Number of protein chains: 2
Amino acid sequence: MPAAFEAQEYRDRVERTKKAMQDRGMDLLVISHPANMNYLTGYDGWSFYVHQVVLVSLNQDEPMWLGRGMDANGARLTTSLSEDNIREYADDYVHSLVKHPMHFVADVIKEKGWDKGSIGVEMDQFYYTHRNHVELEKSLPNATFKDANTLVNWVRVIKSDAEIEFLRKAGKIATKVMQTAVDSINVGVRECDAAAAIAQAQYSGTKEFAGDYPAIVPLMMAGEAASTPHLTWTEKTYEKDEAVLLELSGVYRHYHCPIARTIFLGKNPPPLMKETAEVVIDGLQKTLEFVKPGVTAEEVEEAWRKAIAHSKVVKESRLGYSIGVNYPPDWGEQTISFRPGDKTVLKENMAVHLIPGIWYKEVGFEIDATIQITPDGNESLFDFPVELILK
Amino acid sequence: MPAAFEAQEYRDRVERTKKAMQDRGMDLLVISHPANMNYLTGYDGWSFYVHQVVLVSLNQDEPMWLGRGMDANGARLTTSLSEDNIREYADDYVHSLVKHPMHFVADVIKEKGWDKGSIGVEMDQFYYTHRNHVELEKSLPNATFKDANTLVNWVRVIKSDAEIEFLRKAGKIATKVMQTAVDSINVGVRECDAAAAIAQAQYSGTKEFAGDYPAIVPLMMAGEAASTPHLTWTEKTYEKDEAVLLELSGVYRHYHCPIARTIFLGKNPPPLMKETAEVVIDGLQKTLEFVKPGVTAEEVEEAWRKAIAHSKVVKESRLGYSIGVNYPPDWGEQTISFRPGDKTVLKENMAVHLIPGIWYKEVGFEIDATIQITPDGNESLFDFPVELILK
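Residues numbered from 1 in each chain as written. Chains lettered and ligands numbered in written order. Predicted model: local features only at pLDDT ≥ 70, side-chain atom pairs only at ≥ 80, totals over all residues.

S.K.: I tried to follow unusual backbone geometry on my own but got confused; where do I start?
M.R.: Trans is the prevailing form of peptide bonds, just as negative phi is the prevailing case for residues other than glycine. Of note, the amide linkage connecting P328 of chain A to P329 of chain A takes the cis form, showing an omega dihedral of 10 degrees. Tracing the sequence through the fold places P329 of chain A in the loop between β10 (320–323) and β11 (332–337). The phi torsion at Q334 of chain A lies on the positive side, around 65 degrees, for a residue other than glycine. Counting through the fold element by element, Q334 of chain A comes out in strand β11. The class of Q334 of chain A is buried, set by 21 C-beta atoms lying within 10 Å. One non-glycine residue, D241 of chain B, adopts positive backbone phi at about 65 degrees. Summarising the element assignment, D241 of chain B is placed in the loop between β7 (219–222) and β8 (243–252). (Helix = DSSP H or I, 4+ residues; strand = E, 2+ residues; numbered from the N terminus. Buried ≥ 20, exposed ≤ 12 C-beta atoms within 10 Å, placed from the backbone.)

S.K.: Where do I start with the interface of chain B and chain A in this structure?
M.R.: Note: interface size is frequently given as the accessible area lost on complex formation between the parts. Taken together, the contact between chain B and chain A spans 61 residues of the former and 61 residues of the latter. Elements with a minimum of two residues in the side of chain B that touches chain A: α3 (72–78), α5 (130–139), α8 (191–204) and β11 (332–337) of chain B. For the side of chain B that touches chain A, the leading source of residues is α8 of chain B, giving eight residues. Along the lines of polarity and charge, the residues of the side of chain B that touches chain A split into 28 nonpolar, 22 polar and 11 charged. (Contact = placed C-beta atoms within 7 Å. Nonpolar A, V, L, I, M, F, W, Y, C, P; charged D, E, K, R; others polar.)

S.K.: Before we go on, may I ask you to explain the packing of helix α9 (residues 271–290) of chain A against helix α10 (residues 297–307) of chain A in this structure?
M.R.: Residues and elements named next belong to chain A. Axis separation between α9 and α10 bottoms out at 8 Å; the angle between their running directions is 145 degrees. Of the two elements, α9 crosses α10, and the hand of that crossing is right-handed. Listed contacts from α10 to D282, G283, K286, T287 and F290 of α9 are V300, A303, W304 and A307. (Axes fitted to C-alpha atoms, helices over the stretch in contact; angles between N-to-C directions. Left-handed = near helix turned anticlockwise from the far one by under 90°.)

S.K.: Would you take a moment to explain helix α1 (residues 7–23) of chain B for this structure?
M.R.: Working note: α-helix, 3.6 residues per turn, so residues spaced by three or four point in the same direction. Residues and elements named next belong to chain B. Spanning 17 residues, α1 covers 25 Å between terminal C-alpha atoms, matching the ideal 24 Å at 1.5 Å per step. For α1, the set of buried residues is Y10, R13, V14, T17 and M21. The buried side chains of α1 occupy one side of the element, clustering within an arc of 95 degrees when seen end-on. Away from its buried face, by an angle of more than 90 degrees, α1 presents the exposed residues Q8, R11, E15, K19, Q22 and D23. Structurally, α1 contributes buried residues whose contacts are with β1 (28–31), α2 (34–41), β2 (53–57), β5 (118–121) and α6 (151–155). (Expected span 1.5 Å × (residues − 1). Arc of directions from axis to C-beta.)

S.K.: Just checking my understanding: could you explain helix α2 (residues 34–41) of chain A for this structure?
M.R.: Residues and elements named next belong to chain A. Extensive coverage of α2 is indicated by the burial of eight of its eight residues. The complete set of buried residues in α2 reads P34, A35, N36, M37, N38, Y39, L40 and T41. Against α1 (7–23), β1 (28–31), β2 (53–57), β3 (64–68) and α6 (151–155) lie the buried residues of α2. Just downstream of α2, G42 is the residue with a positive phi angle, here 90 degrees.

S.K.: Even after reading the chapter, I still don't get the sheet that holds strand β9 (residues 255–264) of chain A, so can you show me in this structure?
M.R.: Note: strands within a sheet are paired through backbone hydrogen bonds, in either parallel or antiparallel orientation. All names here are of chain A. Taken in spatial order, the four strands make up an open sheet running β7-β8-β9-β17, and their pairing is mixed. Because the sheet does not close on itself, it has two edges, and the strands there are β7 (219–222) and β17 (389–390). Relative to strand β8 (residues 243–252), β7 runs antiparallel, the two being bridged by four bridges. Across the sheet, M220 pairs through a bridge with L246, a residue of β8. (Pairing = 2+ DSSP bridges.)

S.K.: Got a minute to help me understand the relation of the copies chain B and chain A in this structure?
M.R.: Each of the two chain copies goes to the other by way of a rotation about an axis and a shift along it. You can overlay chain B on chain A at an RMSD of 0.0 Å; the transform is a turn of 180 degrees with a shift of 0.0 Å along its axis. When the rotation and shift are considered jointly, the pair of chain copies conforms to a two-fold rotation axis. Of the C-alpha atoms belonging to chain B, the one lying closest to the rotation axis is found on H130 of chain B, 1.8 Å away. Mapped onto chain A, 100% of the interface residues of chain B again fall at the interface, so both copies present the same surface. (Least-squares fit on C-alpha atoms with pLDDT ≥ 70 in both.)

Treat this as a map of the structure, not an account of what it does.
Okay, structure coming up:
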């Protein structure tokens, strides 16, 4: 179980991160976001429920992994960091009222002589709690703290060819996952049994390669729940003429290809749903024709808004966002958002999820496109019909 | 899809929370931990990847839910809060560099006139980022902030009879989940396919009731990975004479019953594993004979240490912890820890997970007990043989 990518790829990532640090006047980064930790070192374990960090210093080639003692073997197995760069804290730091893992982190920073410069921390990332900051600040009185909140996220925004390969594998799994959902969801089936079939497909992957756990479990809103986007499943059975909104994902080694579709369990969907589906599918198609290197995120959103302007459909939330490697609770990269004000210029090998989900009081409609930006335009990462599915 | 419990149960929980607030001199609580939000209101959605909170004020009967606009219908569906106590922020607060959801939270606190007292926040909970605190403090200059880090967690520590009922259902699912794992894991099977079968069992539940997603995905360390506790699965196939350490859970409406076992794929486990299994199983049995209302957490750990003192087995990490309702990334309650120094007195209707996992350089062994404290002693929440499983 070595790291997912070649050693050179991790070196490139660390180099680009150091460049971003220099641009922002930071000598040291303290990274607690699990996807950023994975991106920089390969580290992969469900150990992010306790405090752990990766350090990147301008004064050292290799990053360091710092975590709980019992997880150090996990770091040895999933990264190629040298032994001196894997540091473990004792178990009595866990959920203690007296000790805090950031004391240990500060001790290592002092030992390395990195406590006098400017330290970047991810101030608005889950996994970087307020107390983390208080304890670090208290323990490192000679340091200056800066906000490095999405610094590594932005380093991640253009994917390497190896990462695109991972996303394409995730896309193959996504196709299988959505087909499994469509096959499983029928009148009289319990929602939980459909969810179980979907999870089975997500973890199992394809015959050629394994699936992985998604950063968001299957979202599958049916009946009255179809008015809101983030509910999961119940023991209720599906009913005739019920709509089911599915937001799922195929995942390969933590790289996500989201896929969303809407199923109507009947032949005659409500007129509002039918009309919305037509407008949204046409609008998404026109938007995709516009997406290519050189256009900005807000221009893409504007193209979408123009494409649906003839209708009554209104989409108040952002149209989509950038994707890639991630861990719970979110597969969004927190970089590009397709909405007014986002002037990010699209470039080759970015990967984005466009999800024009529309929720009315009584019903909703969801469909999406997960695409790679190519030299001339874009290409879907999965292969699935773009339609309201009637069963 | 109404809230999981009767309205009176939520009122009791809020009352006990207010009592704890009074004891600690807090007028208002800002709760961001998803399990605490669920405990106080019933709110249930995978929306915790954006900022959201529950407010509890001494000056108002009902708590308030504050979250993203698109999730407000989810709050209407899963809680019985009155309309005025469900407040939604606009989508341009999400991942913005200018606006922050805590500005919206502060606005509501000011509107209610709750900005002049003492405000408790969960300073070391994931989901309460450092920036949350900075923005709240800046927006509420007349408030005094106190650490309410595990205040609600401790209110949760003694379960109601209705919660015990949920845990027992989770236990029935746990039994099924582990049996599925034992049936699926065989020489030549891919790890991911065993993981898929396990997830299928977790989500599907039993014929009578649905399963739910666990706060931790299946941890299933095989071969060299058996030296560390928090890895997941790969596309590797299981090999003859390989050990597989399983830490799984049955879950009913977010109530967790963890279950851990070790499988050896052969008839002759390494002597070190066999000896460790014998010592640990015997030690766990003796520890369970000791667990009853009135003893403290550290006394339980001491009983365990004495029971294995005759052997070479050393367990450096805590022996276990309290469980109940939870969301990713952790099913531990962050209250009781079975280790030296924890003087919590065990009481009827507590629920705890004792997990003496032992990891050596080359191999590990895991087995557990998930129990309810009864008037006279304790009772297992699941039904599964306590043994090293040879296949």
